[in-house]
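Residues per chain are reported as follows:
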Amino acid sequence: MKRVQVKTGSPYEVTIGRGLLPMAGELVREVIPPCRALIVTDSNVAPLYLDTVQKSLTDAGFSVSSHIFPAGEEQKNLDTLAGILTALAEAGLTRTDLVLALGGGVTGDMTGLASSLYLRGVRYVQIPTTLLAAVDSSVGGKTAIDFAGRKNIVGAFYQPIRVLCDLDTFDTLTPEIFRDGLAESIKYGAICDEALFRLFETAETLDMTEIVSACVAHKARIVEQDEHDTGLRQLLNFGHTAGHAMEACSNYRISHGHAVAMGMALMARAATRAGLCQDDSARRIAAVLEKYGLPTASPYPASALAAAALADKKRRGGSITVIVPTKTGTCVEQKLPVDELESFFALGMEEDL
Ligand code: GLY
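Just so you know, these numbers come straight off a predicted model, no measurement behind them. (Residues numbered from 1 in each chain as written. Predicted model: local features only at pLDDT ≥ 70, side-chain atom pairs only at ≥ 80, totals over all residues. Heavy atoms only, no water.)

Caption draft 1: Fine view of the site of the ligand. As a structural note, the neighbourhood of the ligand is formed by Asp 136, Lys 142, Lys 219, Arg 233 and Leu 236. Interatomic distance of 2.7 Å between a side-chain N/O atom of Arg 233 and an oxygen atom of the ligand. Out of a free accessible area of 200 Å², the ligand has 88% covered by protein chains. For the shell around the ligand, the per-class residue count stands at one nonpolar, no polar and four charged. (Near = heavy atom within 4 Å. Polar contact = N/O pair within 3.5 Å; in protein donor to acceptor, adjacent residues only side chain to side chain. Areas by Shrake-Rupley, 256 points an atom, 1.4 Å probe, with all protein chains shown as cover. Nonpolar A, V, L, I, M, F, W, Y, C, P; charged D, E, K, R; others polar.)

Caption draft 2: Geometry of unusual backbone geometry. A positive phi angle, close to 55 degrees, is found at Asn 152, a residue other than glycine. If you trace the backbone, Asn 152 turns up in strand S8 (residues 150–157). Asn 152 sits in the partly exposed class, given a relative accessible area of 40%. The phi dihedral of Asp 229 is positive, around 60 degrees, even though this residue is not glycine. Note on placement: Asp 229 falls in the loop between helix H8 (208–225) and helix H9 (240–249). (Helix = DSSP H or I, 4+ residues; strand = E, 2+ residues; numbered from the N terminus. Buried < 20%, exposed > 50% of the residue type's maximum accessible area, 1.4 Å probe, protein only.)

Caption draft 3: Just helix H2 (residues 46–59), in detail. With 14 residues, H2 ought to run about 20 Å at 1.5 Å a step, and its terminal C-alpha atoms sit 19 Å apart, in line with that. Where H2 is concerned, the buried positions are Ala 46, Tyr 49, Leu 50, Val 53, Ser 56 and Leu 57. Projected down its long axis, H2 shows its buried positions confined to an angular sector of 145 degrees, all on one face. Exposed residues on H2 whose side chains face more than 90 degrees from its buried face are Pro 47, Asp 51, Lys 55 and Asp 59. Residues of H2 that are buried in the fold lie against helix H1 (24–29), strand S3 (36–42), strand S4 (63–69), strand S5 (98–103) and strand S6 (123–128). (Expected span 1.5 Å × (residues − 1). Arc of directions from axis to C-beta. Contact = heavy atoms within 4.5 Å.)

Caption draft 4: Quick look at a nonpolar patch on the surface. On the surface, Leu 78, Phe 147, Ile 153 and Val 154 cluster together into a nonpolar patch covering about 310 Å² of accessible area. In this fold, Ile 153 is placed in strand S8. Here Ile 153 falls in the partly exposed class, since its relative accessible area comes to 39%. (Patch = residues over 30% accessible without salt bridge, like charges linked within 9 Å, V, L, I, M, F, W, Y side chains within 5 Å. Salt bridge = Lys/Arg side-chain N within 4 Å of Asp/Glu carboxyl O.)

Caption draft 5: Spotlight on the packing of H9 against helix H10 (residues 256–273). Taken N-terminus to C-terminus, the directions of H9 and H10 make an angle of 130 degrees; their axes are 7 Å apart at the nearest point. Of the possible angle classes, the one that applies to H9 and H10 is oblique. When the axes of H9 and H10 are compared, the crossing they make is right-handed. Across the interface between the two elements, His 240, Ala 242, Gly 243, His 244, Met 246 and Glu 247 from H9 touch His 256, Ala 259, Val 260, Met 262, Gly 263 and Leu 266 from H10. Taken together, the residues that form the contact of H9 with H10 break down as six nonpolar, five polar and one charged. (Axes fitted to C-alpha atoms, helices over the stretch in contact; angles between N-to-C directions. Parallel < 35°, antiparallel > 145°, perpendicular 65-115°, else oblique. Left-handed = near helix turned anticlockwise from the far one by under 90°.)

Bear in mind that shape data such as this cannot, by itself, settle questions of function.
Rendered as structure tokens:
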């Protein structure tokens, strides 16, 4: 078992290992005494893991109830949030009680937001069950729902009191969903850890405890320095400006991780052709993504990507900040005039460097 400390304004630990769900009660009791606890999960995850977590918490002395909402990205909305808030109220939770988010990013984001709102803030624990949620959304306190046709625009920064990442839960992920998380994991190597990147290049089998711990430690260090996302935290968005545009162009049929993979490959090629990247980072990023079955070519032209990226930000004039690699394991922010975004994306379209 590995323990990574996140030293944000309100600090907490991310516990990473196998077999953690049956120990959830005792691990949670390290940070909060037995109280009323409401587990929020979705209809995919509930049949797999709810009983185990519920029993573990009950055995540890918590008085446990649960709320299950229908699974799906499209559920990340005001109605589902209202359902969670109603469940919290009906369970009679007070400010000394606890909420647990058991599931992927949608569950974690919405449960975190509900926890920040209910009684002006009730403590919550993240129990991510996807690799993507483990290495990204469960750590750092970003919570949100989609609203008015835009992703994640209603939310709050609200840190959990503990994150429990049981690697056994990845065993039930489809290869496609597991690859989504690999794309975000490879991203940490590309932006800040050449040794981690090399591990992805050379490993025959991945040691997931090592990988997840390294990614979470990197995210923790970045979030500690920029909890409210006004500077350094932007580095986590490598591949995301183009990636989000691809997701939007596909009407969200392309998943987040796959879009980020294509976005990283595109931005690395563009940075190389623009003279911003000095080594063979673009070739290495594309090769490692391909090794793990992730796509590297944009299905949409630069014009469509730029239009989607700028519509999302509702930008007119001014500049947009993108993240570019300068060499493998190092990325920087690069400001571009918005009317140059399309030509920058265009530099990254041609695959052969
Ligand atoms: N997912 C990027 C961040 O937490 O800032």
